[in-house]
Amino acid sequence: MCNRLRFSIRCANFAIVTKDENEISMDVSGEMTMKDIARQLGVSVATVSRALKDSPSISRERREMIQAFAREHNYTPNAIAEQLRNSRKMPVKVIGVIVPEFIHYYFACVLAGIEQEASARGYRILVAASHENEEREKRICESFYKNKVCGIIASQAKETEDFSHFVKLNEQRVPLMFFDRICPAINANRVVVDDYMGTFKAVTHLIESGCRRIAFYGTTLNLEIGKNRYNGYKDALYQHGLTLDKSLVRQCDVREQAEVITPELLDLPEPPDAFFTVNDDTAIGVLYTVKRRGLKIPDDVSICGFTNSTYAQTCDPQLTSVEQNGLEVGREATECLIGLVEGTISREHAVKRIVKTRLIVRETTR
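Below, the structure is looked at part by part. (Residues numbered from 1 in each chain as written. Predicted model: local features only at pLDDT ≥ 70, side-chain atom pairs only at ≥ 80, totals over all residues. Heavy atoms only, no water.)

## Examining the sheet that holds strand 9 (residues 249–251)
To summarise the sheet geometry, strands pair through backbone hydrogen bonds and adopt either a parallel or an antiparallel arrangement. Heads up, the condition is: Pairs of strands are assigned from DSSP output, requiring at least two bridges between the strands. Helix and strand assignments come from DSSP, with helices taken as H or I runs of at least 4 residues and strands as E runs of at least 2, each series counted from the N terminus. For helices, the fitted axis covers only the stretch in contact; all axes are lines through C-alpha atoms, and the angles between them, taken along N-to-C directions, range from 0 to 180 degrees. Contacts are residue-level and defined by heavy atoms, with any inter-residue pair within 4.5 Å sufficient.
Strand order in the open sheet made by the six strands is 9-8-10-11-12-14, with mixed pairing throughout. Two strands lie at the open edges of the sheet, namely strand 9 and strand 14 (358–360), each paired on one side alone. Averaged over all neighbouring strand pairs, the angle between strand axes comes to 20°, with direction disregarded. The pairing of strand 10 (residues 274–277) with strand 11 (residues 302–307) spans three bridges and is parallel. By the bridge assignment for strand 11, Ala-274 is matched with Ser-302. Docked against the sheet, helix 9 (residues 224–239) engages strand 8 (214–218), strand 9 and strand 11, running at close to 170° with respect to strand 8.

Next comes the structure, spelled out in structure tokens:
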């Protein structure tokens, strides 16, 4: 596969880019560009640019020839690239966005919120996925800086342990706004959900419904989100007089892992009577494993997820889950970043906003 641009979607206000090289191309593969027109007609790119702008510095005959060729080949100008070319004259209104994955429901919701707010404020977004890879994340940051985005909204990759790329952007005065996963190496601007309290309330619900041996499936404790949810789980147990059993605590944040680990816990001499999981995908892995064992949900085993994705309502039985409000997180993060870019929010102190969660009780808990 070509190692330049592997996947790209562009519309009026939204570009998704996934690639392997350091520099992000602003053109969609297969689309006519000014370089293509110049090459076909044997003129310079500057001549094409001036002709398309109807500049009198080009003869009328040549202007009409170039304009006709552009019309015949359905050429449309790339608004993002044009803005970058003019970046010395005016601020670039393009926001770089880094997500761990495109296909994750929560990140898709956050992206939707970012795009809505950016569009309403006259900004465009350029999006790239780290695929949870530190080196890829570093290349994306470098590419965004080279392409002069006005600011970056990011959720850190799980694998990232060296934060020098974010530190460098911070030192270069590039406005940075984190969501969901926060860079611990800097006093970062952030918009997050109340992970601790969302987990605390969910585990409290399980306890108050009669559960006593509650398993916890979380993400790595290197991430602040992982620490906060684990602490919410522990504190809910302690506050209700229950002992923490570390044999019930596992790092597990994808469905495939859940389907491997859950049978091990169900085979314990004292198996869990409930599971709290860091996301809905993992919860559904637990759900189907428990059902295959012939256990009844929630009579024998209760299950609670975190996200309140569409899967929570389409699985059988429907999943109890903590609503994460990704759309609101995206809007808040974009509003704050634009405030930093335009100077309506001071850069002297880190912006820290928390979006509230709520527990949606359905059929997998008593």
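## Describing the pattern of salt bridges
Formally: The rule for a salt bridge is simple: a side-chain nitrogen of Lys or Arg has to be within 4 Å of a carboxyl oxygen of Asp or Glu.
The full count for this structure, using the stated rule, is 21 salt bridges. In this structure, the salt-bridge partner of Asp-245 is Arg-213, at a minimum N-O distance of 3.1 Å. Taken together, the residues span a long stretch of sequence, with Asp-245 in the loop between helix 9 and strand 9 and Arg-213 in the loop between helix 8 (195–208) and strand 8 at a distance of 32 residues. Between Arg-331 and Glu-328 there is a salt bridge; the shortest N-O distance is 3.9 Å. One end of the pair, Arg-331, and the other, Glu-328, are both in helix 13 (residues 326–342), three residues apart, so they sit about a helical turn from each other. Among the charged side chains, a salt-bridge network with shared partners connects Glu-134, Glu-135, Lys-138 and Asp-162.

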